[in-house]
Amino acid sequence: MELSAARRFHVVLNANSGTVLATGISAQSLVEHFAAAGLEAVVDGDTKMPFAERIARAAQSDADVIVAAGGDGTITALAGALAGSDKALAILPLGTVNALAKDLGLPMDIPQAIALLKSAAIRRIDVGEVNGRIYLHKVVIGVIPALAAAREHIRGQGTWGSKAAFMRFMFNRLMRARRMAIAIEPEDGPSHIVRAKAVAVACNAYDQGIGKIFSRQNLEGGSLYIYTLSSLTIVDFVRLSAGMLLGNWQDAAALSIEKSRAVTIRSHKKLVKVMFDGEVESLHTPLDFRIRPAALSVLVPPDPDALPEGNVP
Ligand SMILES: Nc1ncnc2c1ncn2[C@@H]1O[C@H](COP(=O)(O)OP(=O)(O)OP(=O)(O)O)[C@@H](O)[C@H]1O
């Protein structure tokens with residue numbers, strides 16, 4: 001896709017995203033920030049129309065760039081409509097975690113993120129696909145979806161009491177969860193059956209190193225990574241937690257890691273609960289995963305070396 005100074009933006013604001021709820025940022029304030037940056041933008045802050053319809057409307061708009069003003073769930077939903085198309089995706093990190101925005105090195109400050117859109121470069125990143133649906137981070141099967149459902153339940157209740165209750169619930173749930181038997185059939189490796197507490201199929205590999213907890217530098221490696229957690233005793237839990245702090249969680253004995261361009265996961269259950277880039281959903285089995293290399297164009301900070309001297313975003 002060619003970059004032009006006159007690119008048009010269509011912004012989809014998700015009013016339920018973490019930072020929007022916390023700061024009360026509105027469609028009107030985004031309109032003002034875009035105008036101040038000298039950018040032409042339509043801002044959709046509709047809270048009545050179903051989200052899926054707003055996404056379809058964005059994909060059908062005449063804008064060159066669709067802007068996800070929200071968190072990772074909002075970004076993934078838009079990516080599903082834009083992957084493989086000639087429209088690019090931009091991100092205003094208004095979610096809670098904003099994992100992809102961090103992986104891409106975007107500014108967390110909204111006026112700065114908008115100003116950057118003017119000089120942004122295009123990066124083509126891989127997307128994951130499961131049963132025909134696009135995701136950008138990971139799909140998790142097993143105990144984790146229940147935890148995500150609990151997180152959703154306490155959304156917006158920022159008291160220490162509710163957070164402590166959530167941590168207690170999470171710990172108990174993790175310890176008590178039964179392992180499930182599943183068949184893992186990677187395209188690039190041997191098929192096997194495992195009993196696992198959780199399996200995550202990630203779009204490219206998670207980084208290893210101190211302070212790198214679920215971050216990814218390589219978003220165009222062309223591979224899925226299958227992380228299988230076979231047990232989670234208190235000892236495993238402590239080791240994994242310490243490994244996260246020390247940057248070596250991927251070496252935990254309870255964790256195995258496989259790499260493949262595609263994988264099929266089978267279960268005796270017809271329907272499994274999954275965490276789909278942070279959203280809890282039910283998917284029919286078997287789960288057919290594949291990677292689609294470079295399928296999504298995303299606006300990112302320009303390469304500082306490519307800018308004229310003194311012009312730093
Ligand atoms: N495809 C979708 N359809 C309907 N609602 C969605 C969709 N994706 C996300 N949501 C909902 O929108 C709200 C905001 O989700 P989003 O993931 O964008 O922000 P967040 O959870 O605050 O941030 P992050 O995922 O970065 O932590 C949540 O209530 C989520 O359930």
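Residues numbered from 1 in each chain as written. Predicted model: local features only at pLDDT ≥ 70, side-chain atom pairs only at ≥ 80, totals over all residues. Heavy atoms only, no water.

Points about the overall build of the chain
Operational definition: Strands here are runs of E lasting at least two residues and helices are runs of H or I lasting at least four, both read from the DSSP assignment and numbered beginning at the N terminus. Note on classification: 1.4 Å probe, protein chains only; a residue is buried when its accessible area is under 20% of the maximum for its type, exposed when over 50%, partly exposed between these limits. The contact definition used throughout considers only heavy atoms, calling two residues in contact when any of these lie within 4.5 Å. Working definition of accessibility: Shrake-Rupley area with a 1.4 Å probe, residue cover restricted to the visible protein chains.
When helices and strands are counted, the chain shows 9 helices and 16 strands. When each of the 313 residues of the chain is scored for burial, the buried share is 47%. Sequence-distant contacts in the chain: of pairs separated by 6 or more residues, those separated by 24 or more amount to 71%. Approximately 15,200 Å² of the chain is accessible, and the part contributed by carbon and sulfur atoms is 56%.

Structural notes on the side chain of Lys197
Here Lys197 lies in the loop between β9 (192-196) and β10 (198-203). Residue Lys197 is classed as buried on the basis of its relative accessible area of 7%. With near-sequence residues (within four places) excluded, Lys197 lies in contact with Ile141, Gly142, Val143, Leu174, Met175, Ala177, Arg179, Leu229, Ser230, Ser231 and Leu232.

Quick notes on helix α9 (residues 234-246)
Operational definition: Residue count minus one, scaled by 1.5 Å, sets the expected span of a helix. Throughout, the arc means the angular range of directions from the helix axis out to the C-beta atoms.
The terminal C-alpha atoms of α9, which comprises 13 residues, lie 18 Å apart, in line with the 18 Å expected from a rise of 1.5 Å per residue. Every buried residue of α9 is accounted for by Asp236, Leu240 and Gly243. Looking straight down α9, one finds its buried side chains confined to an arc of 60°; they lie on one side. Looking at α9, the residues exposed on the side facing more than 90 degrees away from the buried face are Ile234, Val238, Leu245 and Leu246.

Regarding the site of the ligand
Let me state the cut-off plainly: Only a single heavy atom is needed: when it lies within 4 Å of a molecule or strand, its residue is near that molecule or strand. Contacts described as polar in this section are N or O atom pairs within 3.5 Å, which, within protein, must combine one atom able to donate a hydrogen with one able to accept it, while residues neighboring in sequence count only if both atoms come from side chains. Where a domain begins and ends is set by an automatic assignment or by a domain database.
By nearness alone, 18 residues border the ligand, and Gly18, Gly73, Thr74, Thr96 and Glu279 come closest of all. Here Asn14 contributes a side-chain N or O atom positioned 2.9 Å from an oxygen atom of the ligand. Between an oxygen atom of the ligand and a side-chain N or O atom of Thr74, the distance comes to 2.5 Å. Contact with the protein chains covers 78% of the free accessible surface of the ligand, which is 620 Å². Residue assignment for the shell around the ligand shows that the elements contributing at least two residues are α4 (72-82) and α7 (144-153). At 4 residues, α4 tops the list of elements feeding residues into the shell around the ligand. Here the shell around the ligand gathers at least three residues from each of two domains, domain 1 (8-119) and domain 2 (134-293).

Focus: the nonpolar core
Heads up, the rule is: Throughout, nonpolar core names a set of buried Ala, Val, Leu, Ile, Met, Phe, Trp, Tyr and Cys residues whose side chains join them through atoms within 4.5 Å.
Counting 27 residues, the largest nonpolar core has Leu78, Ile91, Leu100, Leu104 and Leu296 as its most contacted members. Sorting the residues of this core by element identifies α3 (51-60), β3 (65-70), α4, β4 (88-93), α5 (99-103), β5 (121-130) and β16 (287-300) as the ones contributing at least two each. In terms of domain composition, this core takes at least three residues from each of domain 1 (8-119) and domain 2 (134-293). Excluding anything up to four places from it in sequence, Leu100 contacts Asp72, Ile75, Ile91, Ile125, Leu136, His137, Arg216 and Leu219.

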